[in-house]
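Summary of structural features
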Amino acid sequence: MKLSNFNFDLPAELLAEFPAENRDEARLMVVHRKTGEIEHRLFKDVIEYFEEGDVMVLNNTKVFPARLYGNKEKTGARIEVFLLRELNAEQRLWDVLVDPARKIRIGNKLYFGEDDSLVAEVIDNTTSRGRTLRFLYDGSYEEFRNKLTELGETPIPKYISREVTPEDEERYQTIYATEEGAVAAPTAGLHFSKHLLKRLEIKGVDFAKVTLHIGLGTFNPVEVEDLSKHKMDSEELIITQEACDIVNKAKANRKKVCCVGTTTMRAMESSVSSNKTLNPFIGWTNKFIFPPYDFSIADAMITNFHMPKSTLLMMISAFCGHDLMEKAYEEAVKEKYKFYSYGDAMLIL
């Protein structure tokens, strides 16, 4: 499989600028791997495909307001700072992306907030757009983090050309997000409403939660034709014993295990035992799944519609089968499904 196998024409109008009015009323394409059948449903109909004892695995990471705007000292130029990860809490060191990057050099200072109450100094270059910043703030660590939250905005994807709205703060977050640390939402989970989760629970579907803090590595473009040479950025992963027990019990009872999202699938495939059970894990993963790939645990998957040449599309191809994935995506374009973060969903069975 080469990069060029994952290119397709995606009309710009199919990129979703806004979420569906109600979370669980986005459209849902159901793809049956055994028969190749494709159905067109609403997301809330997902309940019809699961039975008592089946398990849905959710990524409970929570998006933090990672996008800040500051002004460069002396020139006052407006600079976007995208917080990627905290490197050292005590020294307030952060790994960030800056835009425009050409103006930002080691030693520069950036001022944030109308009163310049937060200052950052550039102490290292990491990549062409990457920098290491040391934040300077008079206050405790907790007050500093509160200040970041106050000044930051919801990091909706760049392709969305509109301004961030207050609604994004709620809608670019799953309703079960509890563990802060992601700079992008696990978007397949955005379709679950409280009402739908309750209905699934009443039906006897179990939920296991894992935490994969999504960085920008998930979305970094693949720039090599030979996929085996692409390197994923590492992302922090936590799988508890409790989650393992729920998943492994379902497997032992021959029940369905459904991954909600590509991040959840990567999380689970990063910690599998030799007899194909899920193991607890605390650490980092740079797992990259592309075809051919033998999946160990999940037998169903919920996901959104992904961009051409993305690592996410490559995983879908591996799980769905490349020809069926291509057929489903042709159908999605023809039927005008909405793509990407705020777009519609696909259930692969």
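Located above this text is the structure these notes cover.
Residues numbered from 1 in each chain as written. Predicted model: local features only at pLDDT ≥ 70, side-chain atom pairs only at ≥ 80, totals over all residues. Heavy atoms only, no water.

1. What about helix H4 (residues 241-252)?
Taking 1.5 Å of rise per residue, 12 residues should cover 16 Å, and H4 covers 16 Å from first to last C-alpha, within 8% of that figure. Arg 254 lies just past H4 and shows a positive phi near 55°. (Helix = DSSP H or I, 4+ residues; strand = E, 2+ residues; numbered from the N terminus. Expected span 1.5 Å × (residues − 1).)

2. Observations concerning the packing of aromatic side chains
Summed over all chains, the structure comprises 17 aromatic pairs. One aromatic cluster is present, built from ring pairs that chain together Phe 8, Phe 305, Tyr 329, Tyr 337 and Phe 339. Positioned over the ring face of Tyr 337 is Arg 27, at 4.0 Å from the centre of the ring. The cationic tip of Arg 162 hangs over the ring face of Phe 18; the distance from NZ or CZ to the ring centre is 4.1 Å. (Phe/Tyr/Trp six-rings, centres within 6.5 Å; stacked < 30°, edge-to-face > 60°. Lys NZ or Arg CZ within 6 Å of the ring centre and 35° of its normal.)

3. A short note on the sheet that holds strand E17 (residues 345-348)
Read from one edge of the open sheet, 9 strands run E2-E1-E17-E16-E14-E3-E12-E13-E15, paired in mixed fashion. Strands with a single pairing partner mark the edges of an open sheet, and in this sheet they are strand E2 (38-42) and strand E15 (281-285). Adjacent strand axes in the sheet meet at a mean angle of 25°, parallel and antiparallel pairs treated alike. Of the strand pairs in this sheet, strand E3 (residues 55-59) and strand E12 (residues 206-212) are connected by 5 bridges, and their pairing is parallel. Within the sheet, the bridge partner assigned to Val 57 lies in E12 and is Ala 208. (Pairing = 2+ DSSP bridges. Axes fitted to C-alpha atoms, helices over the stretch in contact; angles between N-to-C directions.)

4. Examining the layout of surface pockets
One number sums up the size of the largest pocket: a volume of about 1,200 Å³. In terms of lining residues, the largest pocket is bounded by 49 residues, among which Leu 84, Leu 97, Gly 215, Leu 216 and Gly 217 are the most central. If you list the elements that add at least two residues to the lining of the largest pocket, you get strand E6 (78-88), strand E7 (93-99), strand E11 (179-182), strand E13 (235-239) and helix H6 (311-320). The element contributing the most residues to the lining of the largest pocket is E6, with 5 residues. Here the lining of the largest pocket is composed, by residue class, of 22 nonpolar, 14 polar and 13 charged. If you add up the space inside the second largest pocket, you get close to 260 Å³. Mapped by element, the contributors of at least two residues to the lining of the second largest pocket are strand E4 (61-63) and helix H2 (166-171). A breakdown of the residues in the lining of the second largest pocket according to their chemical character gives 7 nonpolar, 5 polar and 4 charged. (1 Å grid on protein atoms, 1.4 Å probe; cavity = no way out; pocket = protein on both sides within 12 Å on 5 of 7 lines; lining within 4 Å. Points joined across faces, edges and corners; volume = space filled by probe spheres on them. Nonpolar A, V, L, I, M, F, W, Y, C, P; charged D, E, K, R; others polar.)

5. Points about the pattern of salt bridges
Enumeration according to the criterion identifies 16 salt bridges in this entry. Asp 45 is the salt-bridge partner of Arg 41, the closest N and O atoms lying 3.4 Å from each other. Looking at Asp 45, the relative accessible area reads 18%, which means it is buried. Measuring nitrogen to oxygen at the nearest pair gives 3.6 Å for the salt bridge that ties Arg 145 to Glu 180. Of the two residues, Arg 145 is situated in helix H1 (residues 141-151) and Glu 180 in strand E11; the sequence distance between them amounts to 35 residues. A network of salt bridges, in which partner residues are shared, links Glu 39, Arg 41, Asp 45 and Glu 48. (Salt bridge = Lys/Arg side-chain N within 4 Å of Asp/Glu carboxyl O. Buried < 20%, exposed > 50% of the residue type's maximum accessible area, 1.4 Å probe, protein only.)

6. A word on the pairing of E2
Here strand E1 (residues 27-31) pairs with E2 via 5 bridges, running antiparallel. For Arg 27, the partnering residue across the bridge sits in E2 and is Leu 42. Hairpin connection, E1 to E2: the antiparallel pair is bridged by 6 residues, and Gly 36 has positive phi, about 80°.

7. Some words on empty space enclosed by the protein
For the coordinates displayed, the defined rule picks out 5 cavities of 30 Å³ or more. Its boundaries defined by the atoms lining it, the largest cavity holds a volume of some 140 Å³. Residue lining of the largest cavity: 16 residues in total, with Ala 185, Thr 187, Thr 262, His 306 and Leu 312 positioned closest to the centre. For the lining of the largest cavity, the elements supplying multiple residues, two or more each, are helix H5 (262-269) and strand E16 (300-304). Split into classes, the residues belonging to the lining of the largest cavity amount to 7 nonpolar, 9 polar and no charged. Roughly 80 Å³ of volume is contained in the second largest cavity. Lining the second largest cavity we find Pro 19, Ala 20, Arg 23, Ala 26, Arg 171, Leu 190, His 191, Ser 341, Tyr 342 and Gly 343. Residues belonging to the lining of the second largest cavity are distributed by class as follows: 5 nonpolar, 3 polar and 2 charged.

8. Quick look at the environment of Gly 215
One can find Gly 215 in the loop between E12 and E13. A sequence separation of 20 residues divides Gly 215 from Glu 235, and the C-alpha atoms of the two residues are 6.2 Å apart. With sequence-adjacent residues up to four places away left out, Gly 215 is seen in contact with Val 183 and Glu 235. (Contact = heavy atoms within 4.5 Å.)

9. Quick look at the packing of H5 against H6
The axes of two packed helices give the description: the angle between them and the distance between them. Close contact between H5 and H6 brings their axes to 10 Å; oriented N to C, the two are set at 70°. If you check the angle between H5 and H6, you find them roughly perpendicular. Where H5 crosses over H6, the two elements pack in a sense that is left-handed. On H6, the residues that touch Thr 262, Met 265 and Arg 266 of H5 are Leu 312, Met 315, Ile 316 and Phe 319. (Parallel < 35°, antiparallel > 145°, perpendicular 65-115°, else oblique. Left-handed = near helix turned anticlockwise from the far one by under 90°.)

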